[in-house]
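# Close look at the chain arrangement
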Amino acid sequence: MGEHMIRATGLRRRFGRATALDGLDLAVPAGVVHGLLGPNGAGKSTTVRVLATLIRPDGGRAEVAGHDVVRDAARARTRIGLVGQHAAVDELLTGRQNLVLFGRLFHLTTRTARARAAELLAAFRLEEAADRPVRGYSGGMRRRLDLAAGMILAPPVLFLDEPTTGLDPRARTEVWDAVRALAEGGTTVLLTTQYLEEADRLAHSLSVIDHGRVIAEGSPDLLKSRVGGDRLDVAVADPADLPAAAAVLARISGGEPETDAAAARVGAPVADRAAALTEAVRALDAAGVEVADIALRRPTLDEVFLALTGDRSPQEPAPDDRPTARTEAAV
Ligand SMILES: Nc1ncnc2c1ncn2[C@@H]1O[C@H](COP(=O)(O)OP(=O)(O)OP(=O)(O)O)[C@@H](O)[C@H]1O
Ligand SMILES: [Mg+2]
């Protein structure tokens, strides 16, 4: 399996008449954060459960850290940490007590479990809250404690199923930082998410999955450039100039400009970003169009996702939760 920490080929899994996995392939090198992005029911959790040896596939095969997840499940399991969609920690116990308990469940001696708990509390910045009951923890602290529990045996591979669902933006950022720190320490992280921003900001590479199979993969940037490339957006000062502006963009882009009359904007895909921008400025000026704003824009991951999956968009963060810094290049 070479340098891949996780490798799956042709995974299939049915539940009754529902096909959850329909020939899913995956290859994740060591030390990266790999995202499984997909809408509800795409097969994300099923993939994680197969790879974490919790359920068996009906077909295909998978290896984690070199161990076959079916034939060598017991050994694969020792190389894996799993943080599920729902918290597994005890509310009444303190953070430290929870971690020691997890350590004992995994057959560490009390002494080793205590030492490991102290290490993890420091690593996940939970030292101050360590001896308070989890009941009083914020959402971000709980999730970090979940991550710490998943890392109790210092596994080389960690599976996270929707690690930030339901968290507020601040808590989400805290969890992202913790996941990044794990990857920097060499842990290979496979995480599922429905949040495009999370996939964009956290994952080195992505598999977009739908209907139980991978429909696109690569880095977030690669996926963005594959779908449509850059766009040039022009806002005109006078809406009466929209047709003239559209004519200029049609000539430069060779593509079909899209006009948003209400916003007095027109946009079109362009191939050569820098040249298109200079040419547009010159041509709009020559046509007597007064420009209020002109910008080159990379497609967002949202647009990529829509282009790939049609109208089955994944969940968006709540409005107060939207990314403020997009991949826009205003000029
Ligand atoms: N235990 C089960 N019994 C029956 N059907 C199941 C079971 N687990 C998953 N499925 C079905 O398999 C498909 C994939 O489910 P899965 O949970 O893997 O999707 P998901 O991508 O994790 O979705 P979500 O974003 O909602 O968590 C769905 O159609 C689901 O209804
Ligand atoms: Mg799921």
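Before going into details, it helps to say that this report is about the structure given with it.

Calculation rules
Residues numbered from 1 in each chain as written. Chains lettered and ligands numbered in written order. Predicted model: local features only at pLDDT ≥ 70, side-chain atom pairs only at ≥ 80, totals over all residues. Heavy atoms only, no water. Phe/Tyr/Trp six-rings, centres within 6.5 Å; stacked < 30°, edge-to-face > 60°. Lys NZ or Arg CZ within 6 Å of the ring centre and 35° of its normal. Axes fitted to C-alpha atoms, helices over the stretch in contact; angles between N-to-C directions. Helix = DSSP H or I, 4+ residues; strand = E, 2+ residues; numbered from the N terminus. Parallel < 35°, antiparallel > 145°, perpendicular 65-115°, else oblique. Left-handed = near helix turned anticlockwise from the far one by under 90°. Contact = heavy atoms within 4.5 Å. Nonpolar A, V, L, I, M, F, W, Y, C, P; charged D, E, K, R; others polar. Polar contact = N/O pair within 3.5 Å; in protein donor to acceptor, adjacent residues only side chain to side chain. Core = buried A, V, L, I, M, F, W, Y, C linked by side-chain atoms within 4.5 Å. Buried < 20%, exposed > 50% of the residue type's maximum accessible area, 1.4 Å probe, protein only. Pairing = 2+ DSSP bridges.

## Looking at the packing of aromatic side chains
Summed over all chains, the structure comprises zero aromatic pairs. The residue whose ring lies beneath R172 is Y195, and the NZ or CZ to ring-centre distance is 4.0 Å.

## With respect to the packing of helix α3 (residues 95–105) against helix α4 (residues 110–123)
At a closest axis distance of 8 Å, the pairing of α3 and α4 adopts a crossing angle of 130°. On the basis of the axis angle, α3 is oblique to α4. Judged by the twist between their axes, the crossing of α3 over α4 is right-handed. Here G95, R96, L99, V100, G103 and R104 of α3 lie close against α4, whose contacting residues are T110, A113, R114, A117, A118, L120 and L121. Grouping the amino acids of the contact of α3 with α4 by side-chain chemistry returns seven nonpolar, three polar and three charged.

## Thoughts on the side chain of D68
By the element assignment, D68 lies in strand β5 (residues 67–68). Only 2.8 Å separates the side chain of D68 from the backbone nitrogen of V70, close enough to count as a polar contact. What D68 contacts, discounting residues up to four positions off in sequence, is R61, A62, E63, A73 and A76.

## Description of the nonpolar core
If you look at the biggest cluster of nonpolar residues, it comprises 37 residues, and the most contacted ones within it are L99, F124, L147, L160 and V179. Contributing elements (two or more residues each) for this core: α3, α4, α5 (139–150), β7 (157–161), α6 (169–184) and β8 (188–193). For this core, the element with the most residues is α6, which contributes seven residues. If we ignore the near neighbours within four places in the chain, the residues touching L99 are A117, L120, L121, L145, A148, A149 and I152. Among the nonpolar cores identified, the runner-up in size contains 25 residues, and V28, A42, V50 and V69 belong to it.

## Description of the environment of T78
With respect to the helices and strands, T78 occurs in the loop between α2 (73–77) and β6 (80–83). Residue T78 is classed as partly exposed on the basis of its relative accessible area, which comes to 46%.

## Here we look at the sheet that holds strand β1 (residues 4–15)
Strands sit in the order β2-β1-β4-β5 across an open sheet of four strands; the sheet is antiparallel. Only two strands of the sheet have a single partner each, and these edge strands are β2 (18–29) and β5. In this sheet, strand β4 (residues 59–64) lies alongside β1 in antiparallel orientation, the contact comprising five bridges. Residue R12 lies in a different strand from β4, and its bridge partner there is G59.

## Re the pairing of strand β9 (residues 205–210)
Working note: regular strand, side chains alternate between the two faces of the sheet. Within β9, six of the six residues are buried, leaving the element largely enclosed by the surrounding structure. Neither face of β9 is open: one carries S205, S207 and I209, the other L206, V208 and D210, and all of them are buried. Bridging between strand β3 (residues 33–37) and β9 involves four bridges; their strand directions are parallel. By the bridge assignment for β9, G35 is matched with L206. Alignment of β9 against strand β10 (residues 213–218), held across five bridges, turns out to be antiparallel.

## Remarks on the sheet that holds β9
Strand order in the open sheet formed by six strands is β6-β7-β8-β3-β9-β10, and the pairing between neighbours is mixed. Strands at the two margins of the open sheet, each flanked by one partner only, are β6 and β10. Adjacent strand axes in the sheet meet at a mean angle of 20° when their direction is disregarded. Pairing geometry for β6 and β7, over four bridges, is parallel. Residue V83 lies in a different strand from β7, and its bridge partner there is L160.

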